[in-house]
Amino acid sequence: MHGSSHSGASGSEKRIPVRVHAPDPISHEGAVGQLRRHPVIELVEETTGRDGAVAVLLAESIDQRTLSSLRRLVRGEGLRAVLVVSQIREAELLDVIECGVGAIVWRHEATEHRLLQAVIAASRGDGDLPSDLIGRLISQVSALRPGASGGPGGRPAGLTAREIDVLRLVAEGLGTGEIAGKLSYSERTVKNILQALTTRLALRNRAHAVAHALREGYIS
């Protein structure tokens, strides 16, 4: 769920409001320092009513306080979340995804370019997970998958064939443009397919949609 994003911004491109949350001042200033150099980023303290606003949350590991913060930021304040974390145990990964986090960056990989890429992806509603986490998500959700599923051919009803095709490519780490190219769709069509299914099934983002599709047996 890692799409290609450019780091530049044209003069007419809308800036992304970003609020940084960190456990200590040094981490906070480090993230702010990396982001403030880019004209596409607008660092803010207040995000109320800002479309596409992103919260960047830094953490060493996942505990209940971190999960509560993520739920508050995503569900309570309506922000897109980028989680920068040192470690995630496999049992915690699905909890993070179901909080509404669509972009995760390992702290040891959080270069200026990598952080900017994740913020842009989150603001657009794209997924951006490290490739090793995609594999762990598949393993985690497969273990929770029901033993039997309804619908024709043993597949549960609810997703169309093209929705499944798109989600399978999202799970493989392709971005919107790459998915459009493989399926001979326009990028707008891919975005519309994903938006329609996440809205219909009350899913939070692409990562959550992939987790749902894996758990219900649509993709493997």
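Further up the page is the structure itself.
Residues numbered from 1 in each chain as written. Predicted model: local features only at pLDDT ≥ 70, side-chain atom pairs only at ≥ 80, totals over all residues. Heavy atoms only, no water.

1. Examining the packing of aromatic side chains
Step number 1: For the coordinates displayed, the defined rule picks out zero aromatic pairs.
Step number 2: Taking the ring centre of Tyr185 as reference, the NZ or CZ of Arg162 above it sits at 5.9 Å. (Phe/Tyr/Trp six-rings, centres within 6.5 Å; stacked < 30°, edge-to-face > 60°. Lys NZ or Arg CZ within 6 Å of the ring centre and 35° of its normal.)

2. Comments concerning unusual backbone geometry
Step number 1: Unlike most non-glycine residues, Ser184 shows phi in positive territory, near 60°.
Step number 2: Checked against the element boundaries, Ser184 lands in the loop between helix H7 (176-183) and helix H8 (187-200).
Step number 3: Residues other than glycine seldom take positive phi values, yet Ala202 does so here, at roughly 55°.
Step number 4: Mapped onto the elements, Ala202 comes out in the loop between H8 and helix H9 (206-216). (Helix = DSSP H or I, 4+ residues; strand = E, 2+ residues; numbered from the N terminus.)

3. Comments concerning the pattern of salt bridges
Between side chains of opposite charge, a pair can form when the charged atoms approach closely.
Step number 1: Counting across every chain of the model gives nine salt bridges.
Step number 2: For the salt bridge of Arg19 with Glu77, the shortest nitrogen-to-oxygen distance reads 2.9 Å. Residue Arg19 is located in strand E1 (residues 16-21), and its partner Glu77 is located in the loop between helix H2 (64-76) and strand E4 (80-85); the two are separated by 58 residues in the primary sequence.
Step number 3: One salt bridge in this structure joins Arg168 and Asp165, with 3.4 Å as the shortest N-O distance. Of this pair, Arg168 and Asp165 both sit in helix H6 (residues 161-171), three residues apart, which is roughly one turn of the helix. (Salt bridge = Lys/Arg side-chain N within 4 Å of Asp/Glu carboxyl O.)

4. A look at the packing of helix H1 (residues 25-35) against helix H4 (residues 112-124)
Step number 1: Direction vectors running N to C along H1 and H4 enclose 80°, while the axes themselves pass 9 Å from each other. Between H1 and H4, the angle is such that the two are roughly perpendicular. In this structure, H1 uses Ala31, Gln34 and Leu35 to contact H4, whose residues at the interface are Glu112, Leu115, Leu116 and Val119.
Step number 2: When the residues that make up the contact of H1 with H4 are grouped by side-chain class, the tally is five nonpolar, one polar and one charged. (Axes fitted to C-alpha atoms, helices over the stretch in contact; angles between N-to-C directions. Parallel < 35°, antiparallel > 145°, perpendicular 65-115°, else oblique. Contact = heavy atoms within 4.5 Å. Nonpolar A, V, L, I, M, F, W, Y, C, P; charged D, E, K, R; others polar.)

5. Regarding H4
Step number 1: Over its 13 residues, H4 extends 19 Å from the first C-alpha to the last, a length consistent with the 18 Å expected when each residue adds 1.5 Å.
Step number 2: Burial analysis of H4 places 10 of its 13 residues in the buried class, the great majority of the element.
Step number 3: Listed as buried for H4 are Arg114, Leu115, Leu116, Gln117, Ala118, Val119, Ile120, Ala121, Ala122 and Ser123. (Expected span 1.5 Å × (residues − 1). Buried < 20%, exposed > 50% of the residue type's maximum accessible area, 1.4 Å probe, protein only.)

6. Some remarks on the pairing of strand E5 (residues 101-106)
Step number 1: When you tally the buried positions in E5, you get six out of six residues, the bulk of the element.
Step number 2: As judged from the five bridges shared by E4 and E5, these two strands associate in the parallel manner. When the bridges of E5 are listed, Val84 appears paired with Val105.
Step number 3: Between the parallel elements E4 and E5, the chain passes through helix H3 (residues 90-98) in a crossover that is right-handed. (Pairing = 2+ DSSP bridges. Right-handed = clockwise from strand over helix to strand, strands pointing away.)

7. What about the nonpolar core?
Step number 1: With 46 residues, the main nonpolar core has Leu83, Ile88 and Ile104 as its most contacted residues.
Step number 2: Sequence-distant contacts of Leu83, that is, excluding residues within four places in its chain, are made with Leu57, Ile62, Leu70, Ile88, Val96, Val101, Ala103, Ile104 and Val105.
Step number 3: Counting residues in hydrophobic clusters, the runner-up holds 22 residues, among them Val32, Val82, Val84 and Ala118. (Core = buried A, V, L, I, M, F, W, Y, C linked by side-chain atoms within 4.5 Å.)

8. Digging into the packing of H6 against H7
In a packed pair of helices, the relevant descriptors are the angle between the two axes and the axis-to-axis distance.
Step number 1: Between H6 and H7, whose axes approach to 10 Å, the crossing angle comes to 130°. Between H6 and H7, the interaxial angle falls into the category oblique. With respect to the hand of their crossing, H6 and H7 are arranged in right-handed fashion. Taken together, the residues of H7 that come into contact with H6 (itself represented by Asp165, Val166, Leu169 and Val170) are Ile179, Lys182 and Leu183. (Left-handed = near helix turned anticlockwise from the far one by under 90°.)

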